[in-house]
Amino acid sequence: MYNAKKILHKCEICNSKLFSQFQNYGKVGLTAEYGKISIRICLNCSFIMINPRYTKKFYVNYYKEKYGKKSLGNKEITKEYIRSQIKRGHKVYNFFHKFLKKKGSILDHGSGAGYTMVPWIKNGWKSIGIDPYKTAVNKSKELENLDVKQAFGEKLPFKKDYFDLVISLGSLEHSYNLKLSMNE
């Protein structure tokens, strides 16, 4: 799996090719273990990113099929997991709702099975999630009939300005192209 080809990428913010090594030791993979990893700083805009990285094809295949198996440790989505995600959704909703003037539509980028959307739905928000991991998307429909679509943030299956609010709770760092995700 990790023998896949790595390539040097342009800066995800400014498209510069000019980098300097910033760090070569950090968290590797899905474990909390540290190891050798190339973290570079853009000499044009100071954005810090892992570089070189795997190809787009690697990330698309990995997040569609394998990420959830690795991150969940091949476990089923349990009632405890669901409760923790709903609790997380409540914390996010409770923080944001005081700043929002009206209810509308929300996109949860990297929603997994979508349980963080439950508090938003209960408070009148039209809530849609996206996640590339097919098993999580299927579970969202099987367990709760939540509206989660299999998609990547780099290519959203929605018209421009479709949502009033987008949240991404620990998902942007999984983008294979941050600039595309942010533009979407």
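See the structure above.
Cut-offs used in this document
- Residues numbered from 1 in each chain as written.
- Predicted model: local features only at pLDDT ≥ 70, side-chain atom pairs only at ≥ 80, totals over all residues.
- Heavy atoms only, no water.
- Pairing = 2+ DSSP bridges.
- Helix = DSSP H or I, 4+ residues; strand = E, 2+ residues; numbered from the N terminus.
- Axes fitted to C-alpha atoms, helices over the stretch in contact; angles between N-to-C directions.
- Contact = heavy atoms within 4.5 Å.
- Expected span 1.5 Å × (residues − 1).
- Buried < 20%, exposed > 50% of the residue type's maximum accessible area, 1.4 Å probe, protein only.
- Arc of directions from axis to C-beta.

(A) Broad picture of the sheet that holds strand β9 (residues 165–167). The four strands are arranged β8-β7-β6-β9 in an open sheet whose pairing can be described as parallel. Only two strands of the sheet have a single partner each, and these edge strands are β8 (148–150) and β9. Geometrically, the sheet is characterised by an average inter-axis angle of 20 degrees between neighbouring strands, direction not taken into account. Strand direction decides the pairing type here: strand β7 (residues 126–131) and β8, joined by three bridges, are parallel. Paired with glycine 129 across the strands is valine 148, a residue of β8. Its contacts with the sheet put helix α4 (residues 134–144) on β7 and β8, and the angle it makes with β8 is roughly 150 degrees.

(B) Fine view of helix α2 (residues 79–96). For α2, with 18 residues, the first-to-last C-alpha span of 26 Å sits near the 26 Å given by 1.5 Å per residue. Within the sequence span of α2, burial applies to Ile82, Gln85, Gly89, Val92 and Tyr93. Projected onto a plane normal to the axis of α2, the buried residues spread over an arc of 100 degrees and lie on a single side. Projecting away from the buried face of α2 at angles above 90 degrees are the exposed residues Lys79, Glu80, Arg83, Lys87 and Lys91. Tucked into the core, α2 has its buried residues touching α3 (118–122) and α4.

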